[in-house]
Structure formats: structure tokens, C-alpha cells
Amino acid sequence: MAKEIPYKIYLEENEMPDSWYNVRADMKNKPAPLINPGTHQPMTAAELGGVFCDDLVAQELDDTTAYIPIPDEIRSFYRMYRPSPLVRAYCLEEKLQTPAKIYYKFEGNNTSGSHKLNSAIAQAYYAKKQGLKGVTTETGAGQWGTALSMACAYLGLDCKVFMVKVSYEQKPFRREVMRTYGASVTPSPSSDTAIGRRILAEHPGTTGSLGCAISEAVEVATTNEGYRYVLGSVLNQVLLHQSVIGLETKAALDKYGIKPDIIIGCAGGGSNLGGLISPFMGEKLRGEADYQIIAIEPASCPSFTRGRFAYDFADTGMICPLAKMYTLGSNFIPSPNHAGGLRYHGMSPILSQLYHDGLMEARSVEQTSVFEAAEQFARVEGILPAPESAHAIRAAIDEAIKCKETGEEKTIVFGLTGTGYFDMVAYEKFHNGEMSDYIPTDEELEASFAKLPKVD
Ligand SMILES: *Cc1c(COP(=O)(O)O)cnc(C)c1O
């Protein structure tokens, strides 16, 4: 008999995972290697070491070690805000009158307001261990920059953040949170870097993009002694760190003998989804269990559902290694009316390979329906979700409604990646009826695909 399920399933601190799980170890088709944009040869550890910290390079390239121990210092930091709760959405189930059982793993319980802190502390730790002075990065919506500033403040590292200009202007409070933690925040494109100056000359008045901010951050890291670049999503190492989400989720479900049927996550660069599904995907890859796994992305930035599986640049300045991934092209910039985050042009190479191999599905949703779901969720479950997270809520609600129609009692687990307190401008647009949906045309996407680098 199943024990009565509480609203919140907490783990004890001593039940927290002591290793991260590397899903690549169980993948038959490994994700394609990063390649050098000049030679098209796989990037070596030495080449990557000019940009990233040494231990992180090792993690990036490790396709075979299944469990990688979490250093004690990182575990003590995790204890400040983890384990995070797995919540049974009883109130939402009641409201929807669905026989489905809905759970969400809530990662918004820290000041940065998202799951990004799980990887920020790991990356800052390895930078510190290497004796570096500091790290550089980009931030779009601002959650990653905030998480990294918190981690750097904790470890006494300098932190330079390039923030996409449009969010720098729209989200002044995000910026101030970062400065509170001691980070310097520069709107991107800026005149501080050669690439920023080039982009400003080519596109005067541009409001910036993630790809452009990445180029600037990489330039600063590679031209300043004692600095390395860190990235909050997409990379294999980030998915590895985020596996703490999935490992905790699985441990909590196992405590009550619960087996999910459907696992849902929003997908920007793929880190929260990759982390959430990793241990479940591992079981699936080893033939031990089966799950329906669904990535949800915005219809205005549909990398999985309409992108190409091809080598592409990670950044607009085309200085980063090429990654094989589902991509809309590194020049793709979502329409200015897109408010819901998840605006990166590419997708994690690990998830791209898993999707390509038919091991997971993807769907796209339009932003007005995302905000409807966000509001419905906030009213019954209390938490004000980040718009990114609300993509997953939309799909979880849709699946629960399907269960109502068919009478199936499916168990749905989704990732609630963060809170939306800094996204009230977007909520305001929604409430005022000023939010519209924009879906890129095939012609727009084709124009972007035409600029993909030629790699055979
Ligand atoms: C960054 C972010 C995402 C998307 O990034 P992934 O790498 O795809 O997880 C989703 N939700 C929140 C709250 C975020 O901050």
C-alpha cells in the first residue's frame, strides 16, 4: 500500500546525493564533441583550458564516468537551500478535477530564484580551487548572473557579468541584486570589448542578445590574466551539476514508491530539464524503466521543434567552439515581444542527441497560454512562477486535462525552476492584454539556417 503522500516530500540533509550523475555514461550514442571553429577538429582539453577552468574541462569531456563525487565545500553550500521540496500539487489537481497526480520539484527557494545556483556554486568552486582571480559570464533574464554573483561572493571571487541590454534596462532590480553580491554588471553589447564595438557598429541601437553577451564575456576572460569564462546552461558540465535536481526528485519519489509516467521540463539551453531527467533517462537507457519525457519550449524560439540538428556557434561573435545541437542559427534573435525567457538559439548537445534518438519528445507553446497557466498555478498553488517555469506548468496542466478526458490516473512530475518576482513587466503586459504571440515564419528560419557554418 502506498503511504499517504504529504504535500511536500522533503529529504533529510543526509539523504542528499553525494555524487552527480553523468547521463553520458549510459548513452550509446554520445553527444558530438565540441569542435574548433578553425580546424573542425574536436577541441582538446588544452584548447578548452584557455577558456574554462581545468576541472570543468575534465567534466565537459568525460563521457564515461557515471558518478562524479560532489566536493564537500559544494555540498555545504547546497545545504543552505537544499534539498529542495518535491510538492504534490493537490490544490491544482482539485481545481482541474483531474485523476492525474501532479508533482513539482521547486527550485525557486533561494535568493537567485532559480535552479542556476546548483551549477554556479560548482563552477565558482573549481575556479577558486584553480587559484583564479575571477570569472566572467553573460546573463539574459538575470537569474544566472545573480546565481553566479552569490556563489562568487561566498568564495571571494571577482565576477564580471555582461547583461543583455534589453534586460539590463527592463530589470534594474536584478542588476542591483548582482551588485549587492559584489558583481560588476555591464550592459551588452558594450564598448568595453572588440566584439561589442563591432556589433554596435554593425547594428546600432541593438538591444543585445545572449549570443552577443557570451562573445563579450569570453573575450574578457581570455584577455585578462587569472580569469575564465563560465556558462549557466547548454554545456555538459552544467547538466552534470543540475543532476542534483533529478537525483533528489528520484530519491523523494522512491521513498513513497511513486513511479512517474510523464516528466516535463521547460527548455532554454536544457540544463534544468537535463538535470531533472538524468537519473530517469539513465534507467530508460539501461532498459530498467520507461518514462515519457517532454521538453517544452516557446513557439517564438523553437530550437527542438523547428531547429536543425547541426554544428553551430554558441555565440554571435563566433569565437566559441562549435557544438552539435538543435539550433535556430546563432544569428537568430526572438521577436522583441517575446517575454518569457528561454531565448537561446541552441540546445544542450546531450539533450539534442537524446531527442534525435527518439528518447524524449518536445513541444512548443505560445506565450499567452504560458502566462494563463502561470496565473492559474499562482492562484491555486501560491507560488508566483517564473515565466520560463510556466512553460512546464502549461504542459503539465494540458496533460492533466487529457487524463480527465480519458480517466487515466497518470503521475506527472514537472520542474518548477524558479520564481517570477523580477518578471512583473511581462505579467503586466499579460494582464493589460498587451501580450501577443509571435511565431517565426519558415522563411525567417531558413534565412538563419543558411548562415550555419559548413561542417561535414
Ligand atoms: C535559466 C532558466 C531556465 C532555462 O534554462 P535551462 O538551462 O533550459 O534550464 C528555466 N527556468 C528558470 C527559472 C531559469 O532561470
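Residues numbered from 1 in each chain as written. Predicted model: local features only at pLDDT ≥ 70, side-chain atom pairs only at ≥ 80, totals over all residues. Heavy atoms only, no water.

A. Structural context of the pattern of salt bridges. Counting across every chain of the model gives 26 salt bridges. Between Glu 93 and Arg 88 there is a salt bridge, with its nearest N and O atoms 2.7 Å apart. Since its relative accessible area comes to 8%, Glu 93 is described here as buried. Taking the shortest distance from any N to any O, the salt bridge between Glu 375 and Arg 379 comes out at 3.2 Å. With Glu 375 and Arg 379 both in helix α15 (residues 367–381) and 4 residues apart, this pair spans about one turn of that helix. In this structure Arg 379 comes out as exposed when scored by relative accessible area, which is 67%. Taken together, the salt bridges that share partners define one network made up of Arg 82, Lys 105, Glu 107 and Glu 248. (Salt bridge = Lys/Arg side-chain N within 4 Å of Asp/Glu carboxyl O. Buried < 20%, exposed > 50% of the residue type's maximum accessible area, 1.4 Å probe, protein only. Helix = DSSP H or I, 4+ residues; strand = E, 2+ residues; numbered from the N terminus.)

B. Local environment of the site of the ligand. Taken together, the neighbourhood of the ligand is formed by 17 residues, with Lys 116, Ser 233, Gly 268, Ser 271 and Thr 417 sitting nearest. Interatomic distance of 2.8 Å between a backbone N/O atom of Gly 270 and an oxygen atom of the ligand. The contact in question runs from an oxygen atom of the ligand to an N or O atom on the side chain of Asn 272, over 2.7 Å. Relative to its unbound accessible surface of 380 Å², the ligand loses 94% to contact with the protein. (Near = heavy atom within 4 Å. Polar contact = N/O pair within 3.5 Å; in protein donor to acceptor, adjacent residues only side chain to side chain. Areas by Shrake-Rupley, 256 points an atom, 1.4 Å probe, with all protein chains shown as cover.)

C. View of the side chain of Ser 119. Take Ser 119: it is sitting in helix α5 (residues 117–129). Residue Ser 119 is classed as buried on the basis of its relative accessible area, which comes to 0%.

D. The layout of surface pockets, seen in detail. Space inside the second largest pocket adds up to approximately 440 Å³. Lining the second largest pocket are 28 residues, with Leu 34, Met 43, Leu 48, Leu 235 and Pro 321 sitting closest to its centre. Elements supplying a minimum of two residues to the lining of the second largest pocket: α1 (45–49), α2 (54–61) and α10 (210–223). Of the residues in the lining of the second largest pocket, the class split is 22 nonpolar, 2 polar and 4 charged. Lining the lining of the second largest pocket are residues from two domains, each supplying at least three of them: domain 1 (19–70 + 116–229) and domain 2 (83–113 + 239–449). (1 Å grid on protein atoms, 1.4 Å probe; cavity = no way out; pocket = protein on both sides within 12 Å on 5 of 7 lines; lining within 4 Å. Points joined across faces, edges and corners; volume = space filled by probe spheres on them. Nonpolar A, V, L, I, M, F, W, Y, C, P; charged D, E, K, R; others polar. Domains from an automatic or database assignment.)

E. Region of the structure containing the sheet that holds strand β14 (residues 361–365). Strands sit in the order β1-β4-β5-β15-β10-β11-β14 across an open sheet of 7 strands; the sheet is mixed. Single-partner strands in this sheet number two, and they are β1 (8–9) and β14. Sheet analysis places strand β11 (residues 292–298) next to β14, joined by 5 bridges and oriented parallel. Within the sheet, the bridge partner assigned to Glu 297 lies in β14 and is Ser 364. Across the face of the sheet, α15 comes into contact with β4 (86–88), β5 (101–106), β14 and β15 (411–416) while running at roughly 95 degrees to β14. Lying on the sheet, helix α16 (residues 387–406) is in contact with β5, β10 (262–266), β11, β14 and β15; it crosses β10 at an angle near 150 degrees. (Pairing = 2+ DSSP bridges. Contact = heavy atoms within 4.5 Å. Axes fitted to C-alpha atoms, helices over the stretch in contact; angles between N-to-C directions.)

F. Broad picture of the sheet that holds strand β9 (residues 227–229). On the basis of which strands lie adjacent, the open sheet formed by 4 strands has the order β8-β7-β6-β9 and parallel pairing. Both outer strands of the open sheet, β8 (184–188) and β9, are each paired with one neighbouring strand and no more. Averaged over all pairs of adjacent strands, the angle between their axes in this sheet comes to 25 degrees, without regard to strand direction. Both strand β7 (residues 158–164) and β8 contribute to a ladder of 5 bridges, which runs parallel. In the sheet register, Val 161 faces β8, and the bridge partner there is Val 185. Taken strand by strand, α10 contacts β6 (134–139), β7, β8 and β9, and its axis lies near 170 degrees from that of β6.

G. Structural view of unusual backbone geometry. A cis amide bond, omega -10 degrees, links Arg 82 with the succeeding residue Pro 83. Of note, the amide linkage connecting Ser 188 to Pro 189 takes the cis form, showing an omega dihedral of 5 degrees. Among the secondary structure elements, Pro 189 is positioned in the loop between β8 and α9 (194–202). The phi angle at His 40 is positive, at roughly 60 degrees, despite the residue not being glycine. Mapped onto the elements of the fold, His 40 is located in the loop between β2 (19–21) and α1. Located in the positive-phi region is Leu 342, a residue other than glycine, with phi close to 55 degrees. Along the polypeptide, Leu 342 turns up in the loop between β13 (322–327) and α14 (349–356).

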